[in-house]
Amino acid sequence: MSSPYPLGLRLTDRRVVVVGGGAVATRRVPALLDAGADVLLVAPEISPALHAHADAGRLRWVPRRFSPDDLDDAWLVHVAIDDPDAAATVSAAAAQRRIFCVRADDREAATAWTPAVTRHGPVTVAVLGGGDPRRAMTVRDAIRTLLRERKGPLLTHSVEQGAPVNTPTGAPGRVALVGAGPGDPELITVRGWRLLTEADVVVADRLVPGLLLDELRTGVELVDASKIPYGPARTQEEINRILVDRALAGAFVVRLKGGDPYVFGRGGEELLACAAAGVPVTVVPGVTSSVAAPAAAGIPVTHRAVAHEFTVVSGHVAPDSPASLVRWDALAALRGTLVILMGLKNLSEITATLLEHGRPAETPAAVVQEGTTGAQRTLRSTLGSVAADVAAAGVRPPAVVVVGDVVGVLPLV
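Here's what I pulled together on the structure shown here. (Residues numbered from 1 in each chain as written. Predicted model: local features only at pLDDT ≥ 70, side-chain atom pairs only at ≥ 80, totals over all residues. Heavy atoms only, no water.)

1. With respect to a nonpolar patch on the surface
To be explicit about the condition: Surface patches are drawn from residues lacking salt bridges whose relative accessible area is over 30%; two like charges belong together within 9 Å, two nonpolar side chains (Val, Leu, Ile, Met, Phe, Trp, Tyr) within 5 Å. Accessibility throughout is a Shrake-Rupley quantity obtained with a 1.4 Å probe, and a residue counts as covered only by protein chains that appear here. Salt bridge, as used here: a side-chain nitrogen of Lys or Arg that lies within 4 Å of a carboxyl oxygen of Asp or Glu. Secondary structure is summarised from DSSP: a helix means a run of H or I of at least four residues, a strand means a run of E of at least two, and numbering begins at the N terminus for each. Only protein chains enter the calculation, and the probe is 1.4 Å; a residue is then buried if its accessible area is under 20% of its type maximum, exposed if over 50%, and partly exposed in between.
Taken together, the side chains of Y5, L7 and L9 present a nonpolar region at the surface, about 410 Å² in accessible area. Within the secondary structure, L7 is located in the segment before β1 (15–19). For L7, a relative accessible area of 63% translates into the label exposed.

Below is the structure:
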């Protein structure tokens, strides 16, 4: 077979069709969106993570089986289904239109391959292994190590081949609870990234940076444990069961969670479930959006002579609900910074309660949507007006609300 011809595709505003809505599509779509592609997703059903992209307007979902007309105006098609006959139908339609086609089920039937990719700032390295995904991953990982060392000229250090890929053996495995950070894939910790590259199974939340999933090695089982607010969810008990069952089968399981595992992430519940089953657990803290999102928007949660404290609180339960554990009256009396996570749905009730208990209406407030990502958006207001301003501006989750004088302490840049 002749060697493939490598290209860097510029996909901004160009139609890319993805056929299938499962784990493979969940891994591939974030990189296409990051490249600016106009993604059309064709599948009767899609994963919760892909639902989140569709609900946010990042892609268009057609909830049905593939039709050849779906390839009209397309530049590229990704076939992410495991039905060979259905995949062949897509390939034939692509060939008739002279559109390159990536096949997840059959590399030999594809007219294009997805390389093993690593990203380092503006540098993107794509490696093709002559049809061998493991070879491509090994070379990619060696290059990534060099890029992250940042010591002297590249390619001057020796690189040892990585350890053999972990495979379930029947012996008890282990679980790592890894915080993926607030949204930017480069904000995962070095240890968290290293464990992710070693995983046999990755159980990922909706708020996990999608590009991290694009870099998983071949053969990793991806379990989409997305919990879309007020939508379909996999129960916590089911997540706990998956972690324990896979580990007891001998796998190394990474539970990849947005932000930090213990900041409203139910990491403690997962650790307890694993401990009860005798499964060893490693906890890798992550950068929490409660601090990172305001920082990315130019808002320090503390500042000398302005705020000597900051309080992080969940707003997913309304202040007047019997289920609420938050003393909103006490928070209103504080002078420091109040950071509210998961609070958009109840923002009107929260602000009204803070005002009722004495927090001044003119207190500066801000809302940071999708902080640290390319879709970051910041709305600045006051405590008395922020709920109405958020509704008028169409701000959507995930978003962090900040209340306090720190909102205006730094100049806008």
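Next comes the rest of the account.
2. Observations concerning the side chain of H53
Test applied: Residue contacts are defined here by distance: any two heavy atoms, one from each residue, within 4.5 Å place the two residues in contact.
As for its position among the elements, H53 is in helix α2 (residues 48–55). Ignoring any residue separated from it by four or fewer positions in sequence, one finds H53 in contact with V29, P30, L33, R58 and L59.

3. A closer look at the packing of helix α1 (residues 23–34) against α2
How we decide: To get an axis, fit a line to the C-alpha atoms, keeping to the stretch in contact for a helix; angles then go from 0 to 180 degrees between the N-to-C directions. Oblique is the label for every angle not falling under 35 degrees (roughly parallel), over 145 degrees (roughly antiparallel), or within 65 to 115 degrees (roughly perpendicular). It is the rotation of the near helix from the far one that decides the hand of a crossing: anticlockwise by less than a right angle makes it left-handed, clockwise makes it right-handed.
At a minimum axis separation of 9 Å, α1 and α2 run at an interaxial angle of 30°. When the axis of α1 is compared with that of α2, the two are roughly parallel. For the crossing formed where α1 meets α2, the hand is left-handed. Contact residues: A25, T26, V29, P30 and L33 in α1; A49, L50 and H53 in α2.

4. A word on unusual backbone geometry
Leave glycine aside and you will find that most residues have negative phi; peptide bonds, for their part, are mostly trans. Omega for the bond connecting P397 with P398 falls within 30 degrees of zero, at -5°, which places this linkage in the cis form. Residue position: P398 is located in the loop between α12 (386–393) and β17 (399–403). Phi angles above zero are rare outside glycine, and R98 is one such case at about 60°. Its place among the elements puts R98 in the loop between α3 (84–96) and β5 (100–103). Residues other than glycine seldom take positive phi values, yet T372 does so here, at roughly 75°. Structurally, T372 can be placed in the loop between β15 (364–369) and β16 (377–382). Looking at T372, the relative accessible area reads 17%, which means it is buried.

5. Description of the nonpolar core
The condition that has to hold: By nonpolar core is meant a set of buried Ala, Val, Leu, Ile, Met, Phe, Trp, Tyr and Cys residues that side-chain atoms within 4.5 Å join together.
Counting residues in hydrophobic clusters, the biggest one holds 21 residues, and the most contacted among them are W328, L338, L344, L354, V367 and V390. Within the residue set of this core, elements represented by two or more residues are α10 (328–333), β14 (337–341), α11 (347–356), β15, α12 and β17. V390 has contacts with L344, L347, V367, L379 and V395, leaving out every residue within four places of it along the chain.

6. Description of the sheet that holds strand β9 (residues 201–204)
Working definition: the strands of a sheet are paired by backbone hydrogen bonds and lie parallel or antiparallel to each other. What counts is decided by this rule: Here, a strand pair is defined by DSSP locating no fewer than two bridges between the strands.
Read across the sheet, five strands follow the order β10-β9-β11-β8-β12 without closing on themselves; strand pairing throughout is parallel. Each edge of the open sheet is held by one strand with a lone partner, namely β10 (221–224) and β12 (281–284). On average, each strand axis in the sheet is inclined to that of its neighbour by 15°, with strand direction left out of account. Note that strand β8 (residues 174–179) and strand β11 (residues 252–257) share six bridges and pair parallel. Within β11, the position partnered with L177 by the bridge is R255.

7. Re the pairing of strand β13 (residues 310–314)
How we decide: Crossover handedness is defined by viewing with both strands directed away from the observer: a clockwise path from the first strand over the helix to the second marks the crossover as right-handed.
Two elements, β13 and β14, share five bridges in a ladder whose sense is parallel. Within β14, the residue paired with V312 across the bridge is V339. Each parallel crossover has a hand, and for β13 linked through α10 to β14 it is right-handed.

8. Some thoughts on helix α9 (residues 289–296)
Of the positions making up α9, those classed as buried are S290, A292, A293 and P294. Its buried side turned inward, α9 meets β13, β14, β15 and β17. The positive-phi residue at the C-terminal boundary of α9 is G298, with phi of around 80°.

9. Some points on the environment of V208
The residue V208 is located in the loop between β9 and α6 (210–214) in this model. Overall, the relative accessible area of 7% leaves V208 in the buried class. With 157 residues separating them along the chain, V208 and A365 place their C-alpha atoms 26 Å apart. Setting aside its immediate chain neighbours within four residues, V208 contacts A180, L213, L256, K257 and G258.

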